[in-house]
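# Residue-level structural notes
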Amino acid sequence: MATVTTLTKSLAQHCMKKSKACWHKPSQPLVNLLISEENLNQFHQYQSRRTLILESASSELVKLQRLSDSDSGIIEVSLNRPGARNAIGTELLRGLKHKFETISEDPSAKVVMISSSVPKVFCAGADLKERRAMSASEIHFFVNSLRSTFSFLEALPVPTIAVIEGAALGGGLEMALACDLRVCGEDAVLGLPETGLAIIPGAGGTQRLPRLIGRSVAKDLIFTGRKVGGRDAMSIGLVNFCVPAGQAQLKALEIAREINQKGPIAIRMAKRAISEGPEIDMASALQLEEECYLETLDTKDRLEGLAAFAEKRKPRYTGI
């Protein structure tokens, strides 16, 4: 990012120098406020180049991969900021948001895996070096953006799986909590240490953690900032599976493949019913279940499932 910042500043300085002549003195007439076409073009070129630089940086920090034809429908989002242990700064957050939006607009997406390409770390949390340079209002805006991005992730209509090897701390764990399933290696370290910095988890941690593992255990982890290992995380229900170190990716892919074989519409409707139902009263939840069931009833996939059962073969679902 140092290179990006330097280049951005130099471009800005160049544009400012070239456009100094167009700035007026207070005594000059209003017409002199107009920027020359040449300077305006230079400014637009600077803005375009700056946008390109930032988007390129974001795309390098977060990568999206669609798996091979045999695993068509499985998408992997990979964090790739090795120099900062995948700490979530402005550019990495922009990259996450862009990738999640891309997935939401992809009708072929069936399962999403969120992983790290950096060995022994999932995500170390917020970029505290960057945060030290922020004002209180800038921090507020950043945390709101982080919270809304994780809520967007949670609301994706397809199942999401967090693949955790190594550290998943602070915002890193909050991102994993926004996923439907979590798979970790035995050497994983999970925690919300924010109270040690005199703040609280602000990207959904105080709400999603107690809903997942219960209020009392969530209070223990958040009040103390205590970190737990992979096996302990599974014992308290924080993760779904804990496997030998280095094998979380394989286990997550195994689960993704199982899901990928099921009816896509049924999976989407099941996610909606399970996600929304517990937030409303039982009568309304059962009505929601009926609505979701009806969405699957008049589909070719349902007929294909019955035909495959009768013919003792694997179904070939198309999502229609």
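Residues numbered from 1 in each chain as written. Predicted model: local features only at pLDDT ≥ 70, side-chain atom pairs only at ≥ 80, totals over all residues. Heavy atoms only, no water.

A word on the layout of surface pockets. Within this model, the largest pocket holds a volume of roughly 890 Å³. Around the largest pocket, the lining comprises 30 residues; the ones closest to its centre are Glu154, Cys179, Asp180, Ile274 and Ser275. The set of elements that each furnish at least two residues to the lining of the largest pocket consists of helix 5 (136-154), strand 7 (181-185), helix 7 (205-213) and helix 11 (264-276). It is helix 11 that provides the largest number of residues to the lining of the largest pocket, a total of six residues. The residue makeup of the lining of the largest pocket, split by class, is 13 nonpolar, eight polar and nine charged. (1 Å grid on protein atoms, 1.4 Å probe; cavity = no way out; pocket = protein on both sides within 12 Å on 5 of 7 lines; lining within 4 Å. Points joined across faces, edges and corners; volume = space filled by probe spheres on them. Helix = DSSP H or I, 4+ residues; strand = E, 2+ residues; numbered from the N terminus. Nonpolar A, V, L, I, M, F, W, Y, C, P; charged D, E, K, R; others polar.)

Taken together, the four strands give an open sheet; going across it, the order is 4-6-8-9, and neighbouring strands pair in mixed fashion. Of all the strands in the sheet, just strand 4 (121-123) and strand 9 (228-229) have a single pairing partner and so form its edges. Summarising the sheet, strand 6 (residues 167-169) and strand 8 (residues 189-191) pair through three bridges and their orientation is parallel. By the bridge assignment for strand 8, Leu169 is matched with Gly191. (Pairing = 2+ DSSP bridges.)

A few words now on the packing of helix 11 against helix 12 (residues 282-297). Where helix 11 contacts helix 12, the axes come no closer than 9 Å and their chain directions differ by 175 degrees. Between helix 11 and helix 12, the angle is such that the two are roughly antiparallel. On the side of helix 11, the interface is formed by Ile265, Ala266, Met269, Arg272, Ala273 and Glu276, while helix 12 contributes Leu288, Glu291, Cys292, Glu295 and Thr296. Partitioned by chemical class, the residues of the contact of helix 11 with helix 12 number six nonpolar, one polar and four charged. (Axes fitted to C-alpha atoms, helices over the stretch in contact; angles between N-to-C directions. Parallel < 35°, antiparallel > 145°, perpendicular 65-115°, else oblique. Contact = heavy atoms within 4.5 Å.)

Attention now moves to the side chain of Glu304. Counting through the fold element by element, Glu304 comes out in helix 13 (residues 300-311). Judged by relative accessible area, Glu304 falls into the buried class, the value being 15%. Leaving out residues up to four positions away in the same chain, Glu304 has contacts with Arg313, Lys314, Pro315, Arg316 and Tyr317. (Buried < 20%, exposed > 50% of the residue type's maximum accessible area, 1.4 Å probe, protein only.)

Let us now look at the confidence of the model for the protein. In this model, the protein carries an average pLDDT of 85, and 82% of its residues clear a pLDDT of 70 or more. Note that residues 1-40 has pLDDT below 50 and, in this model, 25 contacts with residues that lie over four places away or in other chains. Contacts for the low-pLDDT stretch residues 42-56, under 50 throughout, to residues beyond four places or in other chains number 14 contacts. (pLDDT = per-residue confidence, 0-100.)

Unlike most non-glycine residues, Arg85 shows phi in positive territory, near 55 degrees. Mapped onto the elements, Arg85 comes out in the loop between strand 2 (74-79) and helix 3 (90-104). In this structure, Asn86 takes a positive phi of about 60 degrees despite not being glycine.

Once that is clear, we can look at the nonpolar core. Core analysis: the largest hydrophobic core is formed by 48 residues, its most contacted members being Ile114, Phe122, Ile164, Met175, Leu190, Leu209 and Leu238. Discounting chain neighbours no more than four positions away, the residues touching Ile164 are Phe122, Ala176, Arg182, Val183, Cys184, Gly185, Ala188, Leu190 and Ala248. Counting 14 residues, the second-largest nonpolar core is a separate cluster that includes Met113, Ile161, Ala248 and Ala256. (Core = buried A, V, L, I, M, F, W, Y, C linked by side-chain atoms within 4.5 Å.)

With that settled, the discussion passes to helix 10 (residues 248-260). Compared with an ideal rise of 1.5 Å per residue, which puts 13 residues at 18 Å, helix 10 spans 18 Å between its outermost C-alpha atoms and is within 8% of the ideal. Taken together, the buried positions of helix 10 are Ala248, Ala252, Leu253, Ile255, Ala256, Ile259 and Asn260. Axial view of helix 10: buried residues confined to an arc of 160 degrees, hence all on one face. Considering only its buried residues, helix 10 is in contact with strand 2, strand 3 (111-116), strand 5 (160-164), strand 7, strand 10 (241-243) and helix 11. (Expected span 1.5 Å × (residues − 1). Arc of directions from axis to C-beta.)

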